[in-house]
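This is what each chain is made of:
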Amino acid sequence: MTTPTLRYEQHEPLAHATASGRPYALVHLVAQEMHKGLIETQVLDHMESQAMQRGPHPPRRVAVAFLEPVRVALRRTTRHRLQSLRRRAPHVHVTVLPYVSRVGLRANARVLSIPLRMSHRGRPTVFHCRSEIAVRWAAAFREWIPSAAIVADFRGVWPEEYLHAQGIDALDQANEPTRLAYERAVSDVKYALSVADGILTVSTGLRDWLGRYGSRGELTTVVPTCVSALTFAETDRRAVRDRLGVSGKVVLAYAGTVTRYQHLREGFAAFARIALEQLRDDRIHVLCVTPDVDAMRRVLTEVGVPAQAATVVSVPQEGVAAYLSAADAGFLLRADSVVNRVSVPVKLGEYLAAGVPVVISRVDGWLHETIATASAGWSIDWFGLGDAERRRVVADVLRDLTTGPSRRESALALCRTHFLWSAHTRLVRGAYQAALTRAEARSHTAVEGVPTA
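Residues numbered from 1 in each chain as written. Predicted model: local features only at pLDDT ≥ 70, side-chain atom pairs only at ≥ 80, totals over all residues. Heavy atoms only, no water.

A. The arrangement of the overall build of the chain in detail. Scanning the chain for helices and strands turns up 18 helices and 13 strands. Its C-alpha atoms give the chain a radius of gyration of 23 Å, within 12% of the compact-globule value 22 Å for 453 residues. Expressed as a percentage of the 453 residues in the chain, the buried residues total 55%. The long-range share in the chain, meaning contacts at least 24 apart out of those at least 6 apart in sequence, stands at 76%. (Helix = DSSP H or I, 4+ residues; strand = E, 2+ residues; numbered from the N terminus. Rg over C-alpha atoms; globule rule 2.2 N^0.38 Å. Buried < 20%, exposed > 50% of the residue type's maximum accessible area, 1.4 Å probe, protein only. Contact = heavy atoms within 4.5 Å.)

B. Region of the structure containing the sheet that holds strand β9 (residues 284-289). The six strands lie next to each other as β10-β9-β8-β11-β12-β13, forming an open sheet whose pairing is parallel. For this open sheet the edge positions go to β10 (310-313) and β13 (377-380), each flanked by a neighbour on one side alone. Neighbour-to-neighbour, the strand axes of the sheet open up by a mean angle of 20°, direction not taken into account. Packed on one face of the sheet, helix α11 (residues 293-303) meets β8 (250-255), β9 and β10 and runs near 160° to β10. (Pairing = 2+ DSSP bridges. Axes fitted to C-alpha atoms, helices over the stretch in contact; angles between N-to-C directions.)

C. Expanded view of the state of the cysteines. Tallied over the full model, the rule gives zero disulfides. The closest cysteine sulfur to the non-disulfide-bonded C226 is located on C415, 8.0 Å from its own sulfur. Judged by relative accessible area, which is 0%, C226 ranks as buried. (Disulfide = S-S within 2.5 Å.)

D. Geometry of the pairing of β10. Here β10 shows two buried faces, one formed by A310 and V312 and the other by T311 and V313. For the crossover from β9 across α11 to β10, the handedness is right-handed. (Right-handed = clockwise from strand over helix to strand, strands pointing away.)

E. Structural view of the nonpolar core. In this structure, L29, F127, F141, F271 and L352 are the most contacted members of the largest nonpolar core, which totals 115 residues. Here the element with the most residues in this core is helix α10 (residues 265-279); it accounts for nine residues. Once residues within four sequence positions are removed from consideration, L352 is found in contact with V358, I371, A376, A411, L412, L414, C415 and F419. If you look at the next biggest cluster of nonpolar residues, it comprises 32 residues, including F66, A89, V96 and A435. (Core = buried A, V, L, I, M, F, W, Y, C linked by side-chain atoms within 4.5 Å.)

F. Quick look at the environment of E350. Among the structural elements, E350 can be located in helix α14 (residues 346-353). Given the relative accessible area of 16%, E350 is considered buried. Through-space distance from the C-alpha of E350 to that of A321 is 7.0 Å; in sequence the pair is 29 residues apart. The contact partners of E350, leaving out residues within four places of it in the chain, are T41, V227, Q317 and L324.

G. Broad picture of the packing of aromatic side chains. For the coordinates displayed, the defined rule picks out ten aromatic pairs. Through pairs of rings, three or more aromatic residues link up here, namely Y254, F268, F271, F331 and W382. Looking at R136, its charged tip hangs above the ring of Y191, at a distance of 4.2 Å from the centre. (Phe/Tyr/Trp six-rings, centres within 6.5 Å; stacked < 30°, edge-to-face > 60°. Lys NZ or Arg CZ within 6 Å of the ring centre and 35° of its normal.)

H. Geometry of the pattern of salt bridges. Tallied over the full model, the rule gives 26 salt bridges. When the shortest N-O distance is used, the salt bridge between D197 and R142 registers 2.8 Å. With D197 in the loop between α7 (176-195) and β6 (198-201) and R142 in the loop between α5 (132-141) and β5 (149-154), this residue pair connects regions lying 55 residues apart in the sequence. For E176, the salt bridge identified is with R179, shortest N-O distance 2.4 Å. Of this pair, E176 and R179 both sit in helix α7, three residues apart, which is roughly one turn of that helix. Within the structure, one salt-bridge network assembled from shared partners comprises R237, R241, D328 and R408. (Salt bridge = Lys/Arg side-chain N within 4 Å of Asp/Glu carboxyl O.)

I. Spatial organisation of the sheet that holds strand β4 (residues 125-129). What the seven strands build is an open sheet, ordered β3-β2-β1-β4-β5-β6-β7; its pairing is parallel. In the strand order of this sheet, the two ends are held by β3 (93-99) and β7 (220-222), each with one partner. For this sheet the average axis-to-axis angle between neighbouring strands, irrespective of direction, equals 25°. Along the sheet face, helix α1 (residues 39-52) touches β1 (25-31), β2 (61-69), β3 and β4 and points at about 155° away from the line of β2. Each of β2 and β3 is contacted by helix α3 (residues 76-88), which is oriented at about 155° to β3, the strand it contacts most.

J. Spatial organisation of helix α8 (residues 204-211). By the burial criterion, the buried members of α8 are T204, L206, R207, W209 and L210. The inward-facing, buried residues of α8 abut β5, α6 (158-165), α7, β6, β7 and α13 (338-342).

K. Structural context of α10. With 15 residues, α10 extends 20 Å from end C-alpha to end C-alpha; this agrees with the ideal 21 Å at 1.5 Å per step. Among all positions in α10, only G267, F268, A269, A270, F271, A272, I274, A275, L276 and L279 are buried. R280 occupies a position one or two residues after α10 and carries a positive phi of about 75°. (Expected span 1.5 Å × (residues − 1).)

Take a look at the structure:
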């Protein structure tokens with residue numbers, strides 16, 4: 001199989017931006033997101049990989065620190081969540097840093113920096129910041145940990161996602177409160193870029209979007225959203241298919257939330273309805289793994305997918321892979337938008353890791369060429385097509401699924417080479433080292449009394 005040339009590319013840190021290699025502590029800061037479902041795959045799994053992988057410049061200590069208000073930190077659900085996350089990443093120090101909102105960020109940071117300094121024993125520190133809010137915390141910590149490096153991790157375009165969540169596609173459609181909130185979000189992005197010593201982002205499209213707000217290319221490393229391991233097992237596939245009563249059927253799967261930018265009605269659900277008309281529900285089944293069970297069922301019903309032809313379930317994150325392994329195709333059908341042009345959703349890695357080839361729409365700047373070149377699924381035109389054209393597209397995919405060669409091994413191979421965290425360990429550590437070098441230079445300049453840029 002030919003290894004594809006990925007659209008997101010891989011950018012090595014500059015050769016001259018290599019730190020001395022001193023042992024350093026790595027802290028992944030997460031602000032007010034401890035209970036979100038993506039934390040396991042996007043934070044814990046990545047940090048466990050950094051803690052366990054061999055290679056140059058490994059962190060001496062890896063931690064994930066959840067910044068949460070005291071009222072949240074003291075809840076029983078938070079304690080249970082903390083225990084679960086620690087089991088997920090046994091080689092990572094997972095902790096909660098509780099703060100008191102009314103006393104302000106700087107005062108909280110002064111207190112919370114004490115345990116951070118004590119646990120790091122004088123080692124240089126890299127703050128890997130999941131969000132713009134986390135960057136503000138890291139900048140505050142840096143007042144008491146002067147040589148700490150800040151690496152801002154951008155997983156998406158939050159200002160644009162905010163507009164989508166309000167039901168609009170462009171700023172000129174926004175009312176005054178929405179416009180002000182959008183501008184505050186953009187201001188947060190600009191601030192994060194201004195204080196960061198390094199930037200991680202998931203695609204070249206997102207890198208270019210950040211460039212509009214002052215991001216410098218030499219600070220940016222592009223690494224897609226990944227998963228920790230291949231999860232496909234034939235025994236799991238057979239067991240789940242038997243339990244669902246779909247042995248011998250073609251299973252079309254969707255994994256994820258029900259949100260506006262997923263375009264489920266006109267995307268996956270519409271494809272599934274046409275597929276059921278062409279093969280009948282005794283030969284095809286729709287599988288949805290989502291936290292939004294009721295909303296997903298409404299979407300399927302409104303589009304015309306019979307209830308008896310669909311299974312909609314919500315399962316713990318660790319159970320998603322087994323369900324996905326029962327599928328014959330996973331779906332990422334999204335319309336063209338700023339949000340979708342720059343994203344690399346975690347479900348792509350989850351599909352591929354479970355051995356599920358992906359049906360992906362052709363969105364400018366997206367990963368459809370990667371999927372097509374690797375024979376790891378089907379890259380299709382969908383949005384804007386008429387009903388007759390869509391039926392031909394569905395027929396072509398179903399023909400491949402029922403009579404063509406399996407694409408499962410190609411999906412697994414693509415995941416192994418490009419969508420495992422371990423495949424990018426050296427690249428991410430290079431970004432950490434480059435950030436440390438910049439932070440040390442900034443710290444020395446400040447000590448000498450010379451204004452910094």
